[in-house]
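Per-entry structural report
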Amino acid sequence: MATATITTHDGLPLELEHEAFGRRSDPAVLLIMGTGTSMMGWDADLCRLVAQHGYRVIRYDHRDVGRSTKVATSGDPIDAVLSAFGTGDAAPPYSVRDLAADAVGLLDALDVHRAHVVGASLGGIVAQWLAIDHGDRVASLTVASSTTCEPGIGQPTAEAVGALLPAGTTLPEFVEAQVVLRRAIGGPRRRKPRPRPGAARDVAPRRGSPEPPPPGRPGARPGDLAPTSAGWRRRRSWSTAPPPTRWWT
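Quick summary incoming for the structure in this document. (Residues numbered from 1 in each chain as written. Predicted model: local features only at pLDDT ≥ 70, side-chain atom pairs only at ≥ 80, totals over all residues. Heavy atoms only, no water.)

**Things to note about the packing of helix 3 (residues 96-109) against helix 4 (residues 122-133)**
- Contact geometry for helix 3 and helix 4: axes closest at 8 Å, N-to-C directions at 70°. The angle between helix 3 and helix 4 falls in the class roughly perpendicular. From helix 3, Val96, Arg97, Leu99, Ala100, Ala103 and Val104 reach across to helix 4, where they touch Leu122, Ile125, Val126, Trp129, Leu130 and Asp133.
- The residue makeup of the contact of helix 3 with helix 4, split by class, is 10 nonpolar, no polar and 2 charged. (Axes fitted to C-alpha atoms, helices over the stretch in contact; angles between N-to-C directions. Helix = DSSP H or I, 4+ residues; strand = E, 2+ residues; numbered from the N terminus. Parallel < 35°, antiparallel > 145°, perpendicular 65-115°, else oblique. Contact = heavy atoms within 4.5 Å. Nonpolar A, V, L, I, M, F, W, Y, C, P; charged D, E, K, R; others polar.)

**Considerations on a nonpolar patch on the surface**
- On the surface, Leu171, Phe174, Val175 and Val179 cluster together into a nonpolar patch covering about 370 Å² of accessible area.
- What makes Val175 partly exposed here is its relative accessible area of 43%. (Patch = residues over 30% accessible without salt bridge, like charges linked within 9 Å, V, L, I, M, F, W, Y side chains within 5 Å. Areas by Shrake-Rupley, 256 points an atom, 1.4 Å probe, with all protein chains shown as cover. Salt bridge = Lys/Arg side-chain N within 4 Å of Asp/Glu carboxyl O. Buried < 20%, exposed > 50% of the residue type's maximum accessible area, 1.4 Å probe, protein only.)

**Some details on helix 6 (residues 171-185)**
- If you check helix 6, its first and last C-alpha atoms are 21 Å apart, about what 15 residues at 1.5 Å a residue would give, namely 21 Å.
- Ala177, Leu181 and Ala184 are the residues of helix 6 that are buried. Projected down its long axis, helix 6 shows its buried positions confined to an angular sector of 60°, all on one face. Among the exposed residues of helix 6, those oriented more than 90 degrees off its buried face are Leu171, Pro172 and Arg183.
- At its buried positions, helix 6 is contacted by helix 5 (158-164). (Expected span 1.5 Å × (residues − 1). Arc of directions from axis to C-beta.)

**Section: the pattern of salt bridges**
- With the rule as written, the count across this model stands at 6 salt bridges.
- For Arg48, the salt bridge identified is with Asp45, shortest N-O distance 3.0 Å. Placement of the pair is Arg48 and Asp45 together in helix 1 (residues 44-52), with a separation of 3 residues, close to one helical turn.
- The exposure class assigned to Asp45 is exposed, which follows from its relative accessible area of 53%.
- The residue Arg63 makes a salt bridge to Asp102 at a minimum N-O spacing of 2.7 Å. Note that Arg63 is positioned in the loop between strand 4 (56-60) and helix 2 (77-86) and Asp102 in helix 3, a separation of 39 residues in sequence.

**Things to note about the nonpolar core**
- Of all hydrophobic cores here, the largest spans 27 residues; its most connected members are Leu30, Ile32, Ile58, Leu106, Val112 and Leu130.
- Among the secondary structure elements, those contributing two or more residues to this core are strand 1 (2-7), strand 2 (13-21), strand 3 (28-32), strand 4, helix 3, strand 5 (115-120), helix 4 and strand 6 (138-144).
- The leading source of residues in this core is helix 3, at 6 residues.
- Phe21, Val29, Cys47 and Tyr55 belong to the second largest nonpolar core, which has 13 residues in total. (Core = buried A, V, L, I, M, F, W, Y, C linked by side-chain atoms within 4.5 Å.)

**Considering the sheet that holds strand 6**
- Taking strand neighbours across the sheet as the criterion, the 6 strands line up as 1-2-4-3-5-6 in an open arrangement whose pairing is mixed. Each of the sheet's edge strands pairs with one partner strand only, and the pair in question is strand 1 and strand 6. Taken over all neighbouring pairs, the strand axes of this sheet differ in orientation by 25° on average, direction set aside.
- Bridge count between strand 1 and strand 2: 6 bridges; the pairing is antiparallel. When the bridges of strand 2 are listed, Ala4 appears paired with Leu16.
- Relative to strand 1, helix 3 is tilted by about 115°, and along the sheet it contacts strand 1, strand 2, strand 3, strand 4 and strand 5.
- Running at roughly 145° to strand 5, helix 4 makes contact with strand 3, strand 5 and strand 6 of the sheet. (Pairing = 2+ DSSP bridges.)

Taken by themselves, the reported measurements are silent on function.
Written out as structure tokens, the structure is:
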């Protein structure tokens, strides 16, 4: 891991903790995590897997998260954000748009002109603002478990909102809060089906069918990877055309 120093538009110096996987010369994939979650929310094995397919994968901590700079404010910044979100009675110390500018500052510090941007939850909103304000820096956009912030789109349940609130200060309290959170935002658990006799024959490649390009081939891109319950797998199509913008809500 490493630290990149950036300066915000209002002159505030920030140190953003980050970690990169893969070669500096490979196309960059910027992973943006959600509310109050450090870069560790992006599994290291997933990062390595994507890097093995020819990408430079970058994960990082937002300001006020993990090992990045804690911004000095009067009062609790989380309370201010929640108040602004719920009643509008208070102004948060910074906006989601500011977090998008932080991401651009990190790309600048790492000498990355364009990146495939992937955002989850709040990170998906940050990613959308990054594309709106700095479209020339976005090679493709993937938004997961997020929203456009329109009132009727992608609203969380009351249970999920309650689970996101800070709970406790000790390690056992934190662990218990994380268990509650994962239950609230996670989908139903499914047992992995047992392979039936002859299944291997059904999925075996036909004679003469083209083989997929090897990992790391030139022209590979995040659109060639699809999320599954067991991780990421290759898609069947191997077009080298630019990937379309994806909006997952």
